[in-house]
Amino acid sequence: HILIQGKPTVEMDYSTIHPRILYWMEKKECPTDAYKIPNWANTDWYRNEGGREVIKKAFNQLLNSKPKMKSQKQWRLFSPDITPDPIPAGWDKLGKHKKAQLRRTAFRDITGKEYEELIRDIQDYHKRIKKYFFTNAWTWLQKMDSDIAECVMVDLFDEGIVALPIHDSFIVRKGFQGHLSGAMYRAFTKVVGTTPKIDKKE
């Protein structure tokens, strides 16, 4: 529903940006979809109920966590990005740990598995970049994100093209997607040193 200068728009984003950066740093090939975890991707939950987004959030939890969270005893503090349905009475007033318990229960009810199993399976699937989990890697990955976005925005500005940044995606007027994809390609290559995977949304 977003218009720019009264015209329809198109959105393009970097697909699996952080996994792609980390695999490149290890000189390994990144999976086509880094969040398509075996034993999970073949379920109805993954295909029809937003499972991929939950897995993406879990992957980022591992990247953003402190070293002390590496101990499996600490994994009970992790919780999935799921809101129980129905939402419990007084949900907004519940503390962080109580909400985490309810989210984990909802995850088990939906998937039939414990959240720790997903955490373990993500690490097993991404063993080639496992060393970056539990290292607060987001601190420098977010800096790379911002450097890439700045390059894209400046590049398009120099061409007189208005672009709206949304995390790792950008919105421009339809007809300028070629300019946008070119700017995104150049920015990623400049900052990271390898080529990106770019998806288009309309």
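Above this note sits the structure.
Cut-offs used in this document
- Residues numbered from 1 in each chain as written.
- Predicted model: local features only at pLDDT ≥ 70, side-chain atom pairs only at ≥ 80, totals over all residues.
- Heavy atoms only, no water.
- Pairing = 2+ DSSP bridges.
- Helix = DSSP H or I, 4+ residues; strand = E, 2+ residues; numbered from the N terminus.
- Axes fitted to C-alpha atoms, helices over the stretch in contact; angles between N-to-C directions.
- Contact = heavy atoms within 4.5 Å.
- Buried < 20%, exposed > 50% of the residue type's maximum accessible area, 1.4 Å probe, protein only.
- 1 Å grid on protein atoms, 1.4 Å probe; cavity = no way out; pocket = protein on both sides within 12 Å on 5 of 7 lines; lining within 4 Å.
- Points joined across faces, edges and corners; volume = space filled by probe spheres on them.
- Nonpolar A, V, L, I, M, F, W, Y, C, P; charged D, E, K, R; others polar.

Draft legend 1. Up close: the sheet that holds strand β1 (residues 9-14). Reading across from one edge, β2-β3-β1-β4 is the order of the four strands in this open sheet, with antiparallel pairing throughout. The open sheet terminates on both sides in strands that have one partner only, identified here as β2 (164-166) and β4 (198-201). Strand-to-strand twist of the sheet, defined as the mean angle between neighbouring strand axes without regard to direction, takes the value 25°. The pairing of β1 with strand β3 (residues 169-173) spans five bridges and is antiparallel. Within β3, the residue paired with T9 across the bridge is R173. In the packing of helix α6 (residues 138-158) onto the sheet, contacts are made with β1, β2 and β3, and the angle to β3 comes to roughly 15°.

Draft legend 2. The arrangement of the environment of E116 in detail. By secondary structure assignment, the location of E116 is in helix α5 (residues 115-125). For E116, a relative accessible area of 17% puts it in the buried group. Once the C-alpha coordinates of E116 and D44 are considered, the two residues, 72 residues apart in sequence, prove to be 20 Å apart.

Draft legend 3. Local environment of empty space enclosed by the protein. If you walk through the whole model with that rule in mind, you get one cavity of 30 Å³ or more. The calculated volume of the largest cavity comes to roughly 40 Å³. Y14, I17, D145, I148, A149, H167, D168 and F170 together form the lining of the largest cavity. Class assignment of the residues belonging to the lining of the largest cavity gives a composition of five nonpolar, one polar and two charged.

Purely spatial values, then, with no claim about function.
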